[in-house]
There are 2 protein chains.
Amino acid sequence: MSVVGVDLGGTGLRAGVVEADGTVRGLRAFEHGGLRKPHDAIEAVARAVELVAQGEPVDAVGVGVAAWVERATGFITRAPNLGWVDVPFAELLARRLGVPVVVHNDLKAIAWGEYRFGAGVGADTLLVVFLGTGVGSAIVAGGTLWTGARGFGGEIGHVKVGPDDGPLCGCGRRGCLEAYVGGGALARRAAEARAKGLLAKCGDGEITAMALERAARGGDPDARTLLEQGGDLLGRTLGAMVNILNPDVLLLGGGVWFASDYVQDAVREGIDFTSHPDLRKSVRIVGSALGSSAGVRGAADLARRAIERA
Amino acid sequence: MSVVGVDLGGTGLRAGVVEADGTVRGLRAFEHGGLRKPHDAIEAVARAVELVAQGEPVDAVGVGVAAWVERATGFITRAPNLGWVDVPFAELLARRLGVPVVVHNDLKAIAWGEYRFGAGVGADTLLVVFLGTGVGSAIVAGGTLWTGARGFGGEIGHVKVGPDDGPLCGCGRRGCLEAYVGGGALARRAAEARAKGLLAKCGDGEITAMALERAARGGDPDARTLLEQGGDLLGRTLGAMVNILNPDVLLLGGGVWFASDYVQDAVREGIDFTSHPDLRKSVRIVGSALGSSAGVRGAADLARRAIERA
């Protein structure tokens, strides 16, 4: 069976043909302008699939997308970073391509890829958390991807950790974890701080996590506070997850994670703070083994399994 | 196959013969003095099993116990309410009785009982939370009891929600959720408040949740604050679980829960506060269908399934 995996993010997409053993052939990365129209996304994904398949027949397509995806149907209820609401994504793409399409949240595809072929192989209870533009996460336990009743389970990003007048989140609420520690949120919060005369060392452009890290290392207390506050909130939430889920492997990654030692240190301290030592000591914190190909591999493997089961 | 189920709590135990369809025969409840010695507990459980079996042969025994239980082995690492550390409970009881013994945390047994025979039948993702002397919880998802890697998963009681100098918890740490809202914690905190001249309406004896509720309804602001603060912390933690797990059924029960409308209202508000509306609206909050027999039925059924699988 020939299966193509696709990882559709807020600014780019990756695709490749994925073998049953997880090997990827012809992995390609494409930038896109944002794809605010679902129709444009369907076209972009369809063209990417055709391109990586190189004329060979495709039996199924698996897609991971930064969105809230209903399980079973692949219906997207919200994709804040893409600006979509209520898009029957799997159905539209299947009609366009004429093959079965299986759609999951992007972190679920990444977590599944790492579980099947990467740093999560052999894990009993795997928790994967990516700190990128937003905060994405997913759980694999007992060989099964956690979906919850409707398909939205496994996500920590929209747990409310701040007050009712906390920072606005892409999901429409205020005070979500993602509104404090995602890369987008850090940039917005940094811009607000600069407008108040703070963060003088960060220049005039958009402030990335890496720029904040440089400023913090250079002695800017406000940059350090932003990074540490976000890391602390994330770490405390992860510590609660360590208690509640009792994972043996916690995989941490994403651009903001790698950009900032201040974030990393605060996350680790936060985990130690909220989790019980008996549970903390049974979890191993690891990095990704598959890097940016994890989502492509995981999405394809989930599609392969769904088709084979059907 | 004849299977006896046992629910071993901090002050009493229940036992009965449980059929494959969940019917209980000869359910009996026994008070015990605390069973601080594991050997006494083994004897008490063995005698209860023999009593309810009424001379008939027993093929297996399932026990739910208020403890941290390692999965597969039934080894208890901690039982704060019983005062135990590192007890090979399943092995000791199996040697005493001469039949296979399967041990789980008490809330896991209760959750499984409600999932198989009670208010959780048909649930995809069931979260059960009991607010009694402590805070117990367990998760059943996709037909499987959540254990986590070592067996301690599904528990919210020891998530740290307060500061390093917060109230002492039975687990040895400070600031655990259970140290704010469990019945034992409420009694301790009420005694401290009374020592400062507060809670004048509560009399001189041990202060129960029910006494606090009466005082709060009678206009005592400190009683009300204690109940609402505990309920709020529990509710916020449950709201995070609703986001992270996406359950379709949340079963709430336990003595403190039923004793206090102030607690119940604060819990519901806390859930609404931290959970996202898209996830909040897909969870149904229900009460127990099996009452105090849930643990006996669940423990027996878990034993039956483990034996049949072996």
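Residues numbered from 1 in each chain as written. Chains lettered and ligands numbered in written order. Predicted model: local features only at pLDDT ≥ 70, side-chain atom pairs only at ≥ 80, totals over all residues.

**Describing helix α5 (residues 183–195) of chain B**
Item 1. Between the first and last C-alpha of α5(B) there are 18 Å, a value that for 13 residues agrees with the 18 Å anticipated at 1.5 Å per step.
Item 2. On its buried face, α5(B) sits against α4 (178–181), α6 (209–217), α7 (221–245) and α8 (255–259) of chain B. (Helix = DSSP H or I, 4+ residues; strand = E, 2+ residues; numbered from the N terminus. Expected span 1.5 Å × (residues − 1). Contact = placed C-beta atoms within 7 Å.)

**With respect to the domain arrangement of chain A**
Residue and element names in this part refer to chain A.
Item 1. Splitting chain A by domain gives domain 1 (3–112 + 291–309) and domain 2 (121–286).
Item 2. One C-alpha centre belongs to domain 1, the other to domain 2, and the line joining them spans 25 Å.
Item 3. Each partner contributes residues to the interface: domain 1 has 15 residues there, and domain 2 has 17 residues.
Item 4. Every element with two or more residues in the side of domain 1 that touches domain 2 is listed here: β5 (68–69) and α3 (106–117).
Item 5. Ranked by residues supplied to the side of domain 1 that touches domain 2, first place goes to α3 with 6 residues. (Domains from an automatic or database assignment.)

**Some thoughts on helix α9 (residues 261–274) of chain A**
Residues and elements named next belong to chain A.
Item 1. When the terminal C-alpha atoms of α9 are compared, their 20 Å separation across 14 residues agrees well with the 20 Å that a helix rising 1.5 Å per residue should span.
Item 2. Those residues of α9 that fall on the buried side of the exposure criterion are Y262, V263, A266, V267, G270, I271 and T274. Down the axis of α9, the buried set is contained in an arc of 165°. They therefore lie on one face.
Item 3. Close packing links the buried residues of α9 with α6 (209–217), α7 (221–245), α8 (255–259) and α10 (277–280). (Buried ≥ 20, exposed ≤ 12 C-beta atoms within 10 Å, placed from the backbone. Arc of directions from axis to C-beta.)

**Remarks on the interface of chain A and chain B**
Accessible area lost upon the coming together of the parts serves often as the stated size of an interface.
Item 1. Contact with chain A, which involves 33 residues of that partner, is made by 32 residues of chain B.
Item 2. Breaking the side of chain A that touches chain B down by element, the ones donating at least two residues are α7, α9 and α10 of chain A.
Item 3. The element that contributes the greatest number of residues to the side of chain A that touches chain B is α7(A), accounting for 5 residues.
Item 4. Counted by class, the side of chain A that touches chain B contains 13 nonpolar, 13 polar and 7 charged residues. (Nonpolar A, V, L, I, M, F, W, Y, C, P; charged D, E, K, R; others polar.)

**Considerations on the sheet that holds strand β6 (residues 76–79) of chain B**
Residues and elements named next belong to chain B.
Item 1. Pairing is antiparallel in the open sheet, where 3 strands are placed in the order β5-β6-β7. Looking at the sheet topology across the chains shown, the edges are occupied by β5 (68–69) and β7 (84–87).
Item 2. Relative to β6, β5 runs antiparallel, the two being bridged by 2 bridges. Within the sheet, the bridge partner assigned to V69 lies in β6 and is I76. (Pairing = 2+ DSSP bridges.)

**What about the relation of the copies chain A and chain B?**
Item 1. For the pair chain A and chain B, the relating rotation is 180°, the translation along its axis is 0.0 Å, and the fit reaches an RMSD of 0.0 Å. On the angle and the small slide along the axis, the relation comes out as a two-fold axis.
Item 2. Taken together, the interface assignments show that 97% of the residues at the interface of chain A recur at the interface of chain B, consistent with an identical surface on both copies. (Least-squares fit on C-alpha atoms with pLDDT ≥ 70 in both.)

**Points about the packing of α6(A) against α7(A)**
All names here are of chain A.
Item 1. Relative to each other, α6 and α7 sit at 125°, their axes nearing to 7 Å. By the criterion of interaxial angle, the relationship of α6 to α7 is oblique. Our pair here, α6 against α7, has a crossing hand that is left-handed. Contacts between α6 and α7 pair L212, E213, A215 and A216 from the former with A223, R224, L226 and L227 from the latter. (Axes fitted to C-alpha atoms, helices over the stretch in contact; angles between N-to-C directions. Parallel < 35°, antiparallel > 145°, perpendicular 65-115°, else oblique. Left-handed = near helix turned anticlockwise from the far one by under 90°.)

**Overview of the pairing of β7(B)**
Residues and elements named next belong to chain B.
Item 1. Pairing of β6 with β7, which is carried by 3 bridges, proceeds in the antiparallel orientation. Its bridge partner lying in β7, R78 is registered against V85.
Item 2. In this structure, the hairpin formed by β6 and β7 is closed by a connection of 4 residues, where G83 is found at a positive phi of approximately 85°.

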